[in-house]
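Residue strings, one per chain:
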Amino acid sequence: MRNNNVVTIELNGGAIMEKTATLNLRVNPTLKQDAESVLERLGIPMSTAVDMFLNQIVLVGGIPFAVTLPNAPESIDATKMSEDQIHAKIQKGYEAYKSGRTQNAAEAFSRFRENHSW
């Protein structure tokens, strides 16, 4: 059952593989749509994908992939910059803004999705 940003999924209830439990989730609508698009191309319903994920959690005894913070490149990692380097980056960004060398983030991401969709 689908209701905008709420996904209702019937989960397998046990060894018989009978789907008797319901899981209601609130998710980001764009993320949900993007995931559904990928799953549709794979021929996998959302409920099956979630069921597969939960089975993997049980099989491996935890999250079936690494959950880590991304490593930022040193050129943009403020924790590895001096105060002068941070101020220089801020000044460079401000000058780009003043000279009009910026773009709307929503439009940039939209163009990226259009150019990189499968």
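Quick look at the structure, then. (Residues numbered from 1 in each chain as written. Predicted model: local features only at pLDDT ≥ 70, side-chain atom pairs only at ≥ 80, totals over all residues. Heavy atoms only, no water.)

**Section: the overall build of the chain**
Threshold: Each helix corresponds to a stretch of at least 4 residues labelled H or I by DSSP, and each strand to a stretch of at least 2 residues labelled E; elements are numbered beginning at the N terminus. Three exposure classes are used, based on accessible area relative to the maximum for each residue type with a 1.4 Å probe and protein chains only: buried under 20%, partly exposed in between, and exposed over 50%. Residues are treated as being in contact if the distance between any of their heavy atoms lies within 4.5 Å. Only the protein chains shown count as cover for residues, with accessible areas throughout obtained via the Shrake-Rupley method and a probe of 1.4 Å.
Across its full length, the chain holds four helices and three strands. For the chain, the sequential pattern of α-helices and β-strands runs β-β-β-α-α-α-α. Taken across its 118 residues, the chain has 13% of its residues classed as buried. Sequence-distant contacts, at least 24 apart, represent 27% of the contacts inside the chain between residues at least 6 apart. Split by element, the accessible area of the chain, about 9900 Å² in all, is 56% carbon and sulfur.

**Observations concerning the pattern of salt bridges**
Condition: Salt bridge criterion: a side-chain nitrogen from Lys or Arg within 4 Å of a carboxyl oxygen from Asp or Glu.
Enumeration over the complete set of coordinates arrives at two salt bridges. Of the charged contacts in the structure, one is a salt bridge between Lys32 and Glu36, with a shortest N-O distance of 3.4 Å. With Lys32 and Glu36 both in helix α1 (residues 29-42), this residue pair falls four residues apart, about one helical turn. Comparing Lys32 with Glu36 shows no difference in burial state: the two are buried. A salt bridge links Lys80 to Asp77; the shortest N-O distance between them is 3.9 Å.

**Examining the packing of aromatic side chains**
Basically, it comes down to this: For Phe, Tyr and Trp, rings pair up if their centres lie within 6.5 Å, where Trp contributes its six-membered ring, and each pair is then called stacked (planes under 30 degrees apart), edge-to-face (over 60) or tilted (otherwise).
In the structure shown here, the tally under the stated rule is two aromatic pairs. Between Tyr94 and Tyr97, the aromatic rings sit 6.4 Å apart at their centres with planes inclined by 35°, giving tilted as the arrangement. Placement of the pair is Tyr94 and Tyr97 together in helix α3 (residues 83-98), with a separation of three residues, close to one helical turn. For Tyr97, a relative accessible area of 57% translates into the label exposed.

**Quick notes on a nonpolar patch on the surface**
How we decide: For patches, a residue must show more than 30% relative accessible area and have no salt bridge; joins then use 9 Å for like charges and 5 Å for nonpolar side chains, namely Val, Leu, Ile, Met, Phe, Trp and Tyr.
Where nonpolar side chains cluster on the molecular surface, the patch consists of Phe53, Ile63, Phe65 and Val67 and spans about 390 Å² of accessible area. Tracing the chain through its elements places Ile63 in the loop between α2 (46-60) and α3.

**As for α3**
Just so we agree on the cut-off: Given a helix with a known number of residues, its expected span is that number minus one, times 1.5 Å.
The terminal C-alpha atoms of α3, which comprises 16 residues, lie 22 Å apart, in line with the 22 Å expected from a rise of 1.5 Å per residue. Phi for Gly100, located one or two positions after α3, is positive at around 80°.

**A closer look at the environment of Met81**
By the secondary structure assignment, Met81 is in the loop between α2 and α3. The contacts of Met81, once residues within four sequence positions are left out, are Glu74, Ser75, Ile76, Ile86 and Lys89.

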